[in-house]
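So the chains spell out like this:
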Amino acid sequence: LKKWERKDAGITVNGIAVDTDDKGQATINGAVTNILINPNFTTNWKTSAVDESGTSVWLQLDKTLILAISSALTSYTEDCFAVDAGKQLEIATLGSVEDIYGWLETELKQGWPSHTIVMG
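Worth saying up front: this structure is predicted, and the values here are computed from it rather than measured.

### Focus: the overall build of the protein chain
For the protein chain, the count of helices and strands is 4 helices and 5 strands. Beginning at the N terminus, the succession of helices and strands in the protein chain can be written as α-β-β-α-β-β-α-α-β. Here the protein chain has a C-alpha radius of gyration of 18 Å; the compact-globule value for 120 residues is 14 Å, and the former is much larger. C-alpha atoms of the protein chain, sized along the principal axes, occupy 55 × 35 × 25 Å. Put simply, the protein chain has 120 residues, and 29% of those count as buried. Carbon and sulfur atoms make up 54% of the accessible area of the protein chain, which totals about 7,600 Å².

Shown next as C-alpha cells:
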C-alpha cells in the first residue's frame, strides 16, 4: 500500500509537476511515442503553478523535456518498486507481531525516493 501511495504521489522534474499515477505515466508515454513518430513533436503541459491572476501556467514541452520527464518518471517508479521489495524482505525477517509493529512505526516511511528530481 505504501508503495502505491508513494508511486502515485507525483514528482517535480526541474520544476515541472508530473503526475506519477497510471494516467500520468500514460500521458508521458504517449508524448514519447509521438517523438518517435515526429522528433519535432511538442506539447502543451499544464503545471500545478498558477500566475498572479490565478490562471494555470502552461509550458510547451519539446523532445528534450519530454524525454527528461520520461526518464525521471521511470527511475522514480522503479525506485519505489525497489524500496518496496527491500521492505518486504525486511518484514520477512521480523520474528514477532511486536517487531512488525515497531518496524512499521520506524521504518515504513524511511528510504523512499524524493519527489523532487533535478535532471542535469
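### Digging into the confidence of the model for the protein chain
Looking at the protein chain, pLDDT values average 89 and 98% of them are 70 or higher. Of all secondary-structure elements in the protein chain, the lowest mean pLDDT belongs to helix α1 (residues 2-7), at 80, while helix α2 (residues 22-37) reaches the highest, 94.

Calculation rules
- Residues numbered from 1 in each chain as written.
- Predicted model: local features only at pLDDT ≥ 70, side-chain atom pairs only at ≥ 80, totals over all residues.
- Heavy atoms only, no water.
- Helix = DSSP H or I, 4+ residues; strand = E, 2+ residues; numbered from the N terminus.
- Rg over C-alpha atoms; globule rule 2.2 N^0.38 Å.
- Buried < 20%, exposed > 50% of the residue type's maximum accessible area, 1.4 Å probe, protein only.
- Areas by Shrake-Rupley, 256 points an atom, 1.4 Å probe, with all protein chains shown as cover.
- pLDDT = per-residue confidence, 0-100.

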